[in-house]
Amino acid sequence: MKMRWKEKRKAATAPGNPPPTLLHPENWCEEFNHFIAQCLIKDFEKRPSVTQLLDHPFIKEAHGKVMLLQKQLATVLQDQKHLNPVAKTRHERMHTGRPYRVENAEKYCLEDDLVNLEVLNEDTILHQLQKRYADLLIYTYVGDILIALNPFQNLSIYSPQFSRLYHGVRRASNPPHIFASADAAYQCLVTFSKDQCIVISGESGSGKTESAHLIVQHLTFLGKANNQTLREKILQVNSLVEAFGNASTAINDNSSRFGKYLEMMFTPTGAVMGARISEYLLEKSRVIKQAAGEKNFHIFYYIYAGLYHQEKLSEFRLPEEKPPRYIADGTERVMQDITSKESYRRQFEAIQHCFRIIGFTEKEVQSVYRILAGILNIGNVEFAAISSQHQTDKSEVPNAEALENAAFVLCISPEELQEALTSHCVVTRGETIVRANTVDRAADVRDAMSKALYGRLFSWIVNRINTLLQPDRNICNADQGMNVGILDIFGFENFQRNSFEQLCINIANEQIQYYFNQHVFALEQMEYQNEGINAIPVEYEDNRPLLDMFLQKPLGLLALLDEESRFPQATDQTLVDKFEDNLRCKYFWRPKGVELCFGIQHYAGKVLYDASGVLEKNRDTLPADVVVVLRTSENKLLQQLFTIPLTKTGNLAQTKARISAASRSLPPHFSAGRAKVDTLEVIRHPEETTSMKRQTMASYFRYSLMDLLSKMVVGQPHFVRCIKPNDSREALKFCRERVLVQLRSTGILETVNIRQQGYSHRILFEEFVKRYYYLAFKAHQTPPASKESCVAILEKSRLDRWVLGKTKVFLKYYHVEQLNLLLREVMGRVVVLQAYTKGWLGARRYKRVREKREKGAITIQSAWRRYDAQRKFKKISNRRSESAVYIQAVLKPSTDQGSCPEAEANNGHADSSSTFPAVTEKNRHLQARSSPRECDVFAGHVHKHSLARTDAPSPQTGHAAPDPHGLSPWEGPCKPDSEDRLARKQRTPRRRCQQPKMLSSPEDTMYYNQLNGTLEYQGSKRKPRKLGQIKVLDGEDEYYRSLSPVACVPEEGSTAQHFFFNSSSKGDSFAQH
Ligand SMILES: Nc1ncnc2c1ncn2[C@@H]1O[C@H](COP(=O)(O)OP(=O)(O)OP(=O)(O)O)[C@@H](O)[C@H]1O
Ligand SMILES: [Mg+2]
């Protein structure tokens, strides 16, 4: 389609211009021309809406032909490209802002997945891959399987931005990527709460380990926990383990020499919480010997360079000029590289950093270095033959220096070490006989010791990492967590000389290929039959017979090897003969004219194996004498390595409890003098005790495979197939033949086929309904796990090309993603709804609580007020009654003295006028004696506060004599000191002489104020009178008087009358009390 959209859009917006059309309308059908014309109508009011356009005949005709049309479109695009190559445009995928700027993006959208290929054969697949590789599109899908071509150059597509891009989006939104595979596994883990397993396979050097790193990187990004340290630790794990387990080979500079299954553990919410590594079948033989052009394990070079730069080589007894035999390659290069290569030095620092980050202690790290240096030193021990009278084939160590160096670094006795290397014990009929070793045997023992040291050290490091990375039980229960396992094993190898190691590696790859076949072809096709699905069977290369040839008992290759290893007289020649006699199948052959050689037709090609040394490698004997010596080391770690038992897979067991239990029961003579040895086993000869003695490499291998598979089958598999585009490790070089071989061996063509036609996901009705019922049913409904429910869900989801079996729903590989996205959408809506509802409920609850609290507050307040009022009332009423009693007590004697019969007859309403003078002296004396306070009252010292405290006697009240100041301590002085003194001066003579006091005195003022206060308290609105004023009684006064039990006082009269008039109100108030 040649549409210049930009120009057309521009033209379309210009008013007055005719509406744009297709470039060559005559090339297109009428419906299409009409449809485009409708779309481009300038006046938006006249332009039909999208819904209307969907009813256009052109669109309607496309219904149900999406795939076909996509393919046609792809062809048209292809043709157009050939016709007019300059008309390339740059596009980005609309919905994502696609990171790669790819030309002809629409086409690549389709070509991202080989399943979309119209013509499916090896040629088209190769063509596609080559074209994409040229565009640096190294990843391609085959349905849900990812093909990864090794770019042999650093690409800028693994940054955090890319991690963000591949986070929970539709797979088709972005170009294929290793992050997308990691994301798919992660999404499945979170959505279905199920373990996942990512299987990375491919030849050596195809990029498995790099892919595994990238997966770990992305999973760590996706599973972001708050625990940053854990994330950092996990990211360091691979580097550390690979420094010990990887080496440079003829094929790959960083070749994995062991199988690694890394499990990352996640919480149910998808936060990473720990990790665990399982290691399988380390190629220990590399420690002692490497093929031409190959190297020892990386760590030896890193350590050497690091110690050299730290000037610590002498501390570890490592020579500066001549490299140790185990890392020497016959050239001067090694030492040069070690001393001058910056990369080694940096790697050493990186390793130290890894150790630190992961949590190894400095002491542990130093012990590790010592063991590594010990291995290098042991390698330098040479043997020479000596002949004695009785024996001619004895061996000795001519140069004691190397032996002493080794013994020193390993913290063992040099004499004991020499003895262990040059002789051995044989137990016959309960007797232990010591026999000398020949030179060859001594050398074998030395190498066996080095291999065992390295193998167990590696195993210990892995165990230690596992301990340090295990989930924190305080944060999450490990049982609730789920794993994503990442399998990265040594790739298929075919060297010029292949030995026992290559045989094991290739059998392991054979097993992984079988696992792939089972999942992709066998299980799927079996289910079609069982469920009555009509699907065209896809032929594939089943490697089961070959695997049986290796693994079956008693006549499989490994079983035969084990059997032969048990015969002391067996040789490599007898072994090959045995193979030839028993392995009678098309996969095994013996090439003519080549001694000790046999060939195997592997799934990935023919490989010729050299049988020399295979028997001995399989026996992997470590003499007991060596174990005994190593157990006596003062290096704690070294002791442990030879104390902890080995598992059936040949690794160190993680049995701390056992070691400590053993060390507790250690006989004293072992702990005296020498460092304590941690096991009981040391007191027995290992040959008598260790059952592992009889274990062979083949049996470790067999168990390792079983263990690995048992871990893998638990998880839902995701496959990444790595492909090496060339053998020369060059970027952008696509060698068709090499790629084709790998495509064939891995069955890519068949895989495309089965993904096109088949149904990669088969889900039980029950499981399907349980997973997806939200898509078609209401949340509270519980639809039955029936066919009908499944159909309802599938139809509601608008999926096509699904099939129903007897018990299962058969889905295409892309359906699951679509369903999951729909589910996520629904869940998203549910979450929003729940959030709103929760918000509303919360607000309502808050309102209720607030109302309740307010009510409560009011109740409490009113109760308190009531209580307070009652208390005050009680106080007032008490005071009143006291006052009344007091007044009555004062008045009573006078009435008694000048008793007025009328007054008595008037029910206590005595005529006060006649009694006033009599009150004066006698009563005051009386009162003064009975109560000093009351005396003060009369002396004019009573005021408001003292009145209020009548019920709480002051400390002074207990004394007969009043306080010289006449004030209780809490009353505080009301006047300045001088004034107070003056007042006392005036007061004292008056009291003594019983003179009636003047109203204008300060005491009177106080008294008066006090009185007013009391009145005020009673609610009187009367204003206080001015001192010394004579007041005419007003209505209110009348009222009080009428209330007073005391008879009214005449308004005019003597000073005493004045006094009493004023005090009548006091009397009133008291009477009121
Ligand atoms: N995605 C990538 N980006 C850049 N370089 C890569 C990538 N994948 C692989 N390589 C290059 O290819 C080399 C070999 O890759 P890798 O070590 O992962 O192979 P392998 O499959 O693990 O091999 P083996 O089976 O020997 O362990 C790497 O050292 C690296 O240089
Ligand atoms: Mg690797």
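Cut-offs applied
Residues numbered from 1 in each chain as written. Chains lettered and ligands numbered in written order. Predicted model: local features only at pLDDT ≥ 70, side-chain atom pairs only at ≥ 80, totals over all residues. Heavy atoms only, no water. UniProt positions renumbered as here; feature names shortened; annotations may be inferred. Buried < 20%, exposed > 50% of the residue type's maximum accessible area, 1.4 Å probe, protein only. Helix = DSSP H or I, 4+ residues; strand = E, 2+ residues; numbered from the N terminus. Pairing = 2+ DSSP bridges. Contact = heavy atoms within 4.5 Å. Near = heavy atom within 4 Å. Polar contact = N/O pair within 3.5 Å; in protein donor to acceptor, adjacent residues only side chain to side chain. Areas by Shrake-Rupley, 256 points an atom, 1.4 Å probe, with all protein chains shown as cover. Axes fitted to C-alpha atoms, helices over the stretch in contact; angles between N-to-C directions. Parallel < 35°, antiparallel > 145°, perpendicular 65-115°, else oblique. Left-handed = near helix turned anticlockwise from the far one by under 90°. Donors = N, O, S within 2.8 Å, 3.2 Å for Na, K, Ca; no water.

Going by what an unreviewed UniProt entry lists, the protein is known as non-specific serine/threonine protein kinase and is assigned to Octodon degus. According to its UniProt record, the protein has this under Sequence similarities (unreviewed entry): "Belongs to the TRAFAC class myosin-kinesin ATPase superfamily. Myosin family."

The next point concerns the pairing of strand E8 (residues 259–266). Extensive coverage of E8 is indicated by the burial of 8 of its 8 residues. Where burial is concerned, the two faces of E8 agree: the one with Gly 259, Tyr 261, Glu 263 and Met 265 and the one with Lys 260, Leu 262, Met 264 and Phe 266 are both buried. Strand direction decides the pairing type here: E8 and strand E9 (residues 272–280), joined by 8 bridges, are antiparallel. Residue Lys 260 lies in a different strand from E9, and its bridge partner there is Glu 279.

Next up on the list: the side chain of Ser 367. Within the fold, Ser 367 resides in helix H16 (residues 362–379). Beyond its immediate chain neighbours, meaning those up to four positions away, Ser 367 contacts Asn 635 and Leu 637.

Further remarks concern the site of ligand 1. Around ligand 1 sit 19 residues in total, of which Ser 204, Lys 208, Thr 209, Ser 255 and Gly 491 are the nearest. Here an oxygen atom of ligand 1 and a side-chain polar atom of Lys 208 are 2.7 Å apart. Burial of ligand 1 by the protein chains amounts to 87% of its free accessible area of 620 Å². Elements that contribute at least two residues to the shell around ligand 1 include exactly helix H10 (208–222) and strand E7 (255–256). Broken down by element, the shell around ligand 1 gets its largest block of residues, 3 residues, from H10.

Look at helix H17 (residues 400–410) against helix H18 (residues 414–422): their axes get within 9 Å of each other, and the N-to-C directions meet at 115 degrees. Judged by the angle between their axes, H17 and H18 are roughly perpendicular. Considering only the axes of H17 and H18, their crossing is right-handed. Taking contact as the criterion, the partners of Leu 403, Glu 404, Ala 406 and Ala 407 in H17 are, on H18, Pro 414, Leu 417, Gln 418 and Leu 421.

Our next topic: the coordination of the magnesium ion (ligand 2). Donor atoms from the polypeptide that coordinate the magnesium ion (ligand 2) comprise Thr 209 (OG1) and Ser 256 (OG), at 1.9 to 2.1 Å from the metal. With Thr 209 in helix H10 and Ser 256 in strand E7, the pair connects residues that are 47 residues apart, well separated along the chain. Assigned by exposure class, Thr 209 and Ser 256 land together as buried.

Another aspect to go through is the environment of Met 67. Note that Met 67 resides in helix H5 (residues 66–83). Judged by relative accessible area, Met 67 falls into the partly exposed class, the value being 33%. The spacing of Met 67 and Glu 118 is 51 residues in sequence and 9.8 Å in space, taken between C-alpha atoms.

For any two helices packed against each other, the geometry comes down to the angle between their axes and how far apart the axes lie. Two numbers describe how H18 lies on helix H19 (residues 439–469): the axes approach to 8 Å, and their chain directions differ by 115 degrees. Of the residues in H19, those in contact with Leu 417, Ala 420 and Leu 421 of H18 are Ala 442, Val 445, Arg 446 and Met 449.

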